[in-house]
Amino acid sequence: MSSPLSEPPLSLRPDEVHLWVVEPERVSEPRLLAAYLAMINAEERERHSRFRFDKHKLQFLVSHALVRVTLSRYAPVQPQAWRFAVNGYGRPEITGDGLPRLRFNLSHTDGMAVCAVALDTDVGADVEYSGRPGQTVELADSFFARSEVHALRALPAEHQRERFFDYWTLKESYIKARGAGLSLPLDQFAFHLEAGRPPRISFDPRLVDDPETWQFVQIRLGPEHPAAVAVRRTRGLPLTVRCQRTVPLAGDGPPWFVPAS
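None of these values were measured; they are calculated from a predicted model.

A.B. asks: Let's hear about the pattern of salt bridges: which residues, and what values?
C.D. replies: Tallied over the full model, the rule gives 26 salt bridges. The salt bridge involving Asp252 is made with Arg73; its shortest N-O contact spans 2.9 Å. Of this pair, Asp252 sits in strand 12 (residues 251–252) while Arg73 sits in the loop between helix 3 (54–71) and strand 2 (83–86), placing them 179 residues apart in sequence. Look at Arg73 and you get buried, because its relative accessible area is 16%. Residues Arg197 and Glu194 are paired through a salt bridge, measuring 3.3 Å at the closest nitrogen-oxygen approach. A relative accessible area of 34% means that Glu194 is categorised as partly exposed. Three or more residues joined by partner-sharing salt bridges are found here, namely Arg91, Glu93, Arg103, Asp122 and Arg232.

This is the structure in structure tokens:
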């Protein structure tokens, strides 16, 4: 079983985000799962116990272990020693003195979990399973900005579901980076997607924010796993998202890669 403290600490540049990726359903080794359960705190263990289905228990456990093991790659702190405080909307932040100015965000869905790490700036990440049953495109009519609905409905029907998840992951990444959850109305900000250009955001006058202070990257982590990353950062140098597939405490996959947007 590997330890994140056995390697020199990783560093982050202001113009990059590291995105750590794990497939929870592929983690089944009892010793790993026992180590994950031992490293999360009492509140996390209580939340873990409340899930009715084993699949959801596993997703929660692996994804929260991912956060702790990932953060220990950047600072000499044991995974179980990290302490967090949550804001009024439930977003966790690192607490403690003398630590690197790390910010992180976790997202998980069926088949995948991601932990985004940035240096001293708001960051949000979202990954979705596009093969999920239920409504998708129909939700846009009720919850998206008018410009997004018009752009979505103008596409051929066979492309609308994919574009829906483009919008959805971007919107989730933004509200998670803001740390305000769904208190931010989804129809009061809009994304503008143009081939060959990074996503742009605009705001309804009712939602006070500056589009020039945000950068976004769209990612395809698998055929059915679109993702997006949001960073509060004045536009300048392009934002780079470097991805690493991993299994917490068991080692990493192939070397870092920069995904095609």
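A.B. asks: Any chance you could break down the pairing of strand 8 (residues 200–203) for me, citing the residues and the numbers?
C.D. replies: With burial as the criterion, only one face of strand 8 is covered, namely that bearing Ile201 and Phe203; the residues Arg200 and Ser202 on the opposite face remain uncovered. Pairing of strand 7 (residues 189–192) with strand 8 involves four bridges; the strand directions are antiparallel. Considered in strand 8, the bridge of Phe189 is made with Phe203.

A.B. asks: Can you tell me about the packing of helix 1 (residues 30–39) against helix 3, naming the residues and giving the values?
C.D. replies: For the pair helix 1 and helix 3, the least separation of the axes is 9 Å and the interaxial angle reads 70°. In this view, helix 1 runs roughly perpendicular relative to helix 3, as classed from their interaxial angle. Pair helix 1 / helix 3 crosses with left-handed handedness. On the side of helix 1, the interface is formed by Leu33, Tyr36, Leu37 and Met39, while helix 3 contributes Leu58, Leu61, Val62, Ala65, Arg68 and Val69. Tallied by class, residues from the contact of helix 1 with helix 3 come to nine nonpolar, no polar and one charged.

A.B. asks: Account for the environment of Leu32, with residues named and values stated.
C.D. replies: Checked against the element boundaries, Leu32 lands in helix 1. In this structure, the C-alpha to C-alpha distance between Leu32 and Ala65, residues 33 residues apart in sequence, is 9.9 Å. If we ignore the near neighbours within four places in the chain, the residues touching Leu32 are Met1, Val27, Val247, Pro248, Leu249 and Ala250.

A.B. asks: Give a description of unusual backbone geometry that names residues and reports values.
C.D. replies: With a phi angle near 60°, Asp120 is a residue other than glycine that sits in the positive phi range. Mapped onto the fold, Asp120 is located in the loop between strand 5 (112–119) and strand 6 (123–127). With a relative accessible area of 46%, Asp120 lands in the partly exposed category. The residue Leu249 is not glycine, and still its phi comes out positive at about 70°.

A.B. asks: Would you mind going over the side chain of Arg73 in detail, with residue names and values included?
C.D. replies: Within polar-contact distance, the side chain of Arg73 engages the side chain of Thr246 at 3.4 Å. Aside from chain neighbours lying at most four places away, what touches Arg73 is Pro4, Pro8, Pro9, Leu10, Trp20, Thr246 and Asp252.

A.B. asks: Requested: an account of the sheet that holds strand 6, with residues and values cited.
C.D. replies: What holds strands together in a sheet is hydrogen bonding between their backbones, with the strands either parallel or antiparallel. The three strands are arranged 6-10-9 in an open sheet whose pairing can be described as antiparallel. With partners counted over all chains shown, the strands left at the sheet margins are strand 6 and strand 9 (214–220), one partner each. Ignoring which end each strand starts from, the neighbouring axes of this sheet average 10° apart. Sheet analysis places strand 6 next to strand 10 (residues 226–232), joined by five bridges and oriented antiparallel. Paired with Asp126 across the two strands is Ala228, which belongs to strand 10.

A.B. asks: Which residues make up the sheet that holds strand 11 (residues 240–247), and what values do they have?
C.D. replies: Strands sit in the order 4-5-1-11-12 across an open sheet of five strands; the sheet is mixed. Single-partner strands in this sheet number two, and they are strand 4 (102–109) and strand 12. Against the sheet, helix 3 engages strand 1 (16–22), strand 4, strand 5 and strand 11, with an angle of about 160° to strand 4.

Thresholds applied
- Residues numbered from 1 in each chain as written.
- Predicted model: local features only at pLDDT ≥ 70, side-chain atom pairs only at ≥ 80, totals over all residues.
- Heavy atoms only, no water.
- Salt bridge = Lys/Arg side-chain N within 4 Å of Asp/Glu carboxyl O.
- Helix = DSSP H or I, 4+ residues; strand = E, 2+ residues; numbered from the N terminus.
- Buried < 20%, exposed > 50% of the residue type's maximum accessible area, 1.4 Å probe, protein only.
- Pairing = 2+ DSSP bridges.
- Axes fitted to C-alpha atoms, helices over the stretch in contact; angles between N-to-C directions.
- Parallel < 35°, antiparallel > 145°, perpendicular 65-115°, else oblique.
- Left-handed = near helix turned anticlockwise from the far one by under 90°.
- Contact = heavy atoms within 4.5 Å.
- Nonpolar A, V, L, I, M, F, W, Y, C, P; charged D, E, K, R; others polar.
- Polar contact = N/O pair within 3.5 Å; in protein donor to acceptor, adjacent residues only side chain to side chain.

So yeah, pure geometry; function would need other evidence.
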